[in-house]
Amino acid sequence: MMAEEGVAGGSRSAGRGPAFLVPDQLERSRLRRRMLVGNWKMNQPADVSEYLQQISSRAATLSSISVAIAPPATLLAQISRSRDILAAGQDCHKSASGPFTGAVSAALLRHAGASLVLIGHSERRAEGDTDQTVRSKLERAWAAGLTPILCVGETMADVQRGLVGSRVAAQVLAGVPEDEPSAPLIVAYEPVWAIGTGRTPTQEEVGAAAAAIRQALRKRISIRAEQTTILYGGSVTPTSVLALCGVSDIDGFLVGSASLSASDIVSIMEAIAS
Ligand code: 13P
């Protein structure tokens, strides 16, 4: 694959279709990468500068993991100026541009310094994102050169009906188009019932869901499925992460409320790196 210098400390893979900005940290290893993504949702730490200082100085010493923060879009530029921390959008619009008051396009996220973007988070799906919207957003992310983090996960009703594997597989198949063999992709498995509840699935449950995700990825992107980073998200804390670090198909974590605390994020980074 040919590569040319990117615009924000990454490299672009050139070829058919858009140029993808692959952050240096992800480019260093084309294989599955240990990763921590903090999703601040519609919140921010009391002192953003102090927070960034704390986590970037620790991230600099843990080169085996990639650390990203998905802040509200208003803070993306500040995050992107931090050494050793990648900036991620929390969502993007399904259109490239236009009269969509309050919305942010993938290209604008990239312009603000993002190299990644969450797509299909359950909180966006709950606000009306369909599988088709999710796929359109994912394609917009690629067109803007961002690495999408496709979020999938089942509800408690799915669990009770034994539909976890089929639900997450269907979301992967619906969200990922077949015809972009060189496009970067990360998948986050986030059971809806585990988000913000303090409840987490067992290692076995996470492993089974991740295996179903990877099997669905094989259908879409063939051999690259083995190299796709899969994250777990849902009530991850410095304590709960310890049980989940051992799941072989899970490469890292997507952390909500605990990511607002620098000391919690540092503890989770250390658990992933050890
Ligand atoms: P919590 O870690 O607060 O459960 O949130 C998870 C999440 O939704 C991350 O995207």
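Quick caveat: nothing in here was measured; it's all calculated off a predicted structure. (Residues numbered from 1 in each chain as written. Predicted model: local features only at pLDDT ≥ 70, side-chain atom pairs only at ≥ 80, totals over all residues.)

K.L.:
Looking at this structure, how should I read the confidence of the model for the protein?
P.N.:
Detailed reading of the predicted model is not advised wherever pLDDT is low. Of all residues in the protein, 88% have pLDDT values of 70 or greater, and the mean over the chain is 90. Confidence drops under pLDDT 50 across residues 1-18; counting only partners more than four residues distant or on other chains, this segment forms 44 contacts. (pLDDT = per-residue confidence, 0-100. Contact = placed C-beta atoms within 7 Å.)

K.L.:
Explain the nonpolar core here, please?
P.N.:
Grouped burial of nonpolar side chains is what soluble globular proteins tend to show. Of all hydrophobic cores here, the largest spans 73 residues; its most connected members are Ala88, Val117, Ile149, Tyr189 and Ile213. Ranked by the residues each element gives to this core, the list is headed by helix H9 (residues 203-221), at 8 residues. (Core = buried A, V, L, I, M, F, W, Y, C linked by C-beta atoms within 7 Å. Buried ≥ 20, exposed ≤ 12 C-beta atoms within 10 Å, placed from the backbone. Helix = DSSP H or I, 4+ residues; strand = E, 2+ residues; numbered from the N terminus.)

K.L.:
Which parts of the structure should I look at to understand unusual backbone geometry?
P.N.:
Most of the time, phi is negative for any residue but glycine, and the peptide bond is trans. In this model, lysine 41 sits at a positive phi of 50°, which is unusual for a non-glycine residue. Checked against the element boundaries, lysine 41 lands in the loop between strand E4 (34-39) and helix H2 (48-59). Owing to 18 C-beta atoms within 10 Å, lysine 41 belongs among the partly exposed residues under this scheme.

K.L.:
I'm lost on helix H11 (residues 262-273) in this one. Help?
P.N.:
Since the α-helix packs 3.6 residues into each turn, any two residues three or four apart lie on the same face. Between its terminal C-alpha atoms H11 stretches 16 Å, which fits the 16 Å expected from 12 residues at 1.5 Å a residue. Listing the buried residues of H11 in full gives Ile265, Ile268, Met269 and Ile272. All buried residues of H11 fall inside an arc of 105° around its axis, so they share one side. Next to the buried residues of H11 lie E4, H2, strand E5 (65-70), helix H10 (240-244) and strand E11 (252-255). (Expected span 1.5 Å × (residues − 1). Arc of directions from axis to C-beta.)

K.L.:
Looking at this model, I keep getting lost on the pairing of strand E8 (residues 147-152). Mind explaining?
P.N.:
One face of the sheet, then the other: side chains in a regular strand alternate in exactly this way. Most of E8 is tucked away: 6 of the 6 residues are buried. Relative to E8, strand E7 (residues 116-119) runs parallel, the two sharing 4 bridges. Residue pairing in the sheet places leucine 118 in a bridge with isoleucine 149 of E8. Where E8 lies against strand E9 (residues 186-189), 4 bridges are found, and the strand directions are parallel. Across the sheet, valine 152 pairs through a bridge with tyrosine 189, a residue of E9. (Pairing = 2+ DSSP bridges.)

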